[in-house]
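# Per-entry structural report
Below, each chain spelled out in residue letters.
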Amino acid sequence: MDVVVAGSHGLIGSALVADLVARGDSVRRLVRRAAEPPDGAGSSGSARHPSTPTGGGAHAAAGTDAVRDVLWDPRTGELDPAALEGADAVVNLAGTGIGDHRWTPAYKQTLLGSRTTTTSLLARTIARLDSPPVLVNGSAVGAYGSRGDEVLTEASARGDDFLAGLVKAWENATTPASEAGARVVWLRSGVVLAPSGGALGKLLPVLRLGLGGPLGSGRQWWSWITLADEVAAIRHVIGADVRGPVNAVAPEPTTNRALTRALAQALHRPAVLPVPRFALRIALGQFADDLVASQRAVPGVLARTGFAWTHANPQDAARWVVEKASEVSAPR
């Protein structure tokens, strides 16, 4: 395959690029400046590759035979259509981190703009192509809002909180591509479990010390997926005949309390010290509401189209996360 990736330096994007390269696929990374190839992409050392413009606009390439960096600028709307020409798929994972800062009014606008601006530019550019590639656009189960114990499928109604509104605008920005005949997938990801970074980046070290526990009441449902299965799900929807919303979650949603317990057991540590909701609010502001939101999403589309999970239950996921985290932290 030939895949264009936006947001290639984030948690999911970097793992996706490395996986595609390992499988022999070609990758074009959309970047705002020339950058290093990822590990495993065939680079020699860590030297940066200079970017050489090829004509007008913001289209430039650098990197290796397997990975090319293509310059774009979503803020100014600069993206040469040639950057996407001939690709099998465009995977858009670009967007400022939800939990990187407190949700001030200004940061909420940053969260919104970083998603809609990039998505709109990609969708408009895809619409200009004679043979538009599939667009796999990042999204989130936050689309459904906090719904208690309700089971949420791709057909469930949207929520009405900030994150639900953010996701709606994000997904709506793909409209030019779908109207032009492109197949568009909204990958509504749950909590992505990874050995470093993401939702567990700050939780795992605390659990290792035996000091962690459930967030808030711990009774809220967390729809989760391991990073390995998230990457596999992206590859799956590129090839499967699906469009619209796809819940990228494991088949067994679990409560925050149960997931925290599974992680602690894999670490051979207790998990008995809950973090009260008021403490989360003091530390994180409105973002704390997302951590205690309850979303019991199930992967109807993935299941119907034959997707096979590597980590289908929280115990397997926890063991994988802890094992990989140990590999990352081991001295070399």
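To be clear, the structure that these remarks concern was listed above.
What you see as residue numbers is a count from 1 along each chain, following the sequence as written. Reporting of local features is limited, given that this is a predicted model, to residues whose pLDDT is at least 70; pairs of side-chain atoms are given and counted only at 80 or more, and all residues count toward the totals for whole chains, interfaces and linings. Only hydrogens and water are set aside; all other atoms, that is, all heavy atoms of the structure, feed into the side-chain values.

### A few points about the overall build of the chain
Secondary structure follows DSSP: runs of H or I at least 4 residues long count as helices, runs of E at least 2 residues long count as strands, and numbering of each begins at the N terminus. Scanning the chain for helices and strands turns up 11 helices and 15 strands. Buried residues in the chain amount to 52% of all 332 residues. Contact definition: two residues touch when any of their heavy atoms are within 4.5 Å. For the chain, the proportion of contacts with a sequence separation of at least 24, taken over those separated by at least 6, is 76%. Methods summary: accessible areas were calculated by the Shrake-Rupley approach with a probe of 1.4 Å, and residue burial reflects only the protein chains presented. With the model as given, the accessible surface of the chain reaches about 14600 Å², and the carbon-plus-sulfur share is 52%. Only protein chains enter the accessibility calculation, which uses a 1.4 Å probe. A residue is then buried if its area is under 20% of the maximum for its type, exposed if over 50%, and partly exposed in between.

### Describing the nonpolar core
Formed by 67 residues in total, the largest nonpolar core has its most connected members in Leu16, Val91, Leu193, Val237, Val246 and Leu263. Broken down by element, the residue count for this core peaks at seven residues, all from helix H6 (residues 227-239). Setting aside residues no more than four positions away along its own chain, Leu193 makes contact with Leu200, Trp224, Ile225, Thr226, Leu227, Leu259, Ala317, Trp320 and Val321. Only buried residues count toward a nonpolar core, which is a set of Ala, Val, Leu, Ile, Met, Phe, Trp, Tyr and Cys residues joined through side-chain atoms within 4.5 Å. Ala83, Ala87, Leu129 and Ala182 belong to the second largest nonpolar core, which has 21 residues in total.

### A few points about the side chain of Thr118
With respect to the secondary-structure elements, Thr118 resides in helix H2 (residues 105-127). With near-sequence residues (within four places) excluded, Thr118 lies in contact with Arg32, Trp72, Pro74, Asn92, Ala94 and Gly113.

### Some points on the pattern of salt bridges
Should a side-chain nitrogen of Lys or Arg be within 4 Å of a carboxyl oxygen of Asp or Glu, the pair is scored as a salt bridge. Counted according to the given criterion, the structure contains 10 salt bridges. Between Arg158 and Glu171 there is a salt bridge, and its shortest N-O distance comes to 2.7 Å. Pair noted here: Arg158 is in the loop between strand S8 (151-152) and helix H3 (162-172) and Glu171 is in helix H3, with a separation of 13 residues, a long-range link. It is possible to trace a salt-bridge network through shared partners that takes in Asp19, Arg23 and Arg235.

### Some thoughts on unusual backbone geometry
Here His268, not a glycine, exhibits a phi torsion of approximately 60°, which is positive. Of note, His268 is situated in the loop between helix H7 (256-266) and helix H8 (277-284).

### A closer look at the packing of aromatic side chains
Centres within 6.5 Å are what make two rings of Phe, Tyr or Trp a pair, Trp counting through its six-membered ring; a difference in plane orientation under 30 degrees is then read as stacked, over 60 as edge-to-face, and the rest as tilted. Considering all chains together, one arrives at two aromatic pairs under this definition. Between Phe307 and Trp309, the ring centres sit 5.0 Å apart and the planes meet at 85°, which makes this aromatic pair edge-to-face. Take Phe307 and Trp309: they sit in the same class, and that class is buried. Placement of a charge over a ring requires the Lys NZ or Arg CZ to be within 6 Å of the ring centre, with the centre-to-atom vector within 35 degrees of the ring normal. One Lys or Arg, Lys108, reaches over the ring of Phe162 and ends 4.9 Å from the middle of that ring. Here Arg296 stacks its cationic end above the ring of Trp221, 4.0 Å away from the centre of that ring.

None of the figures reported here should be taken as evidence of function without further support.
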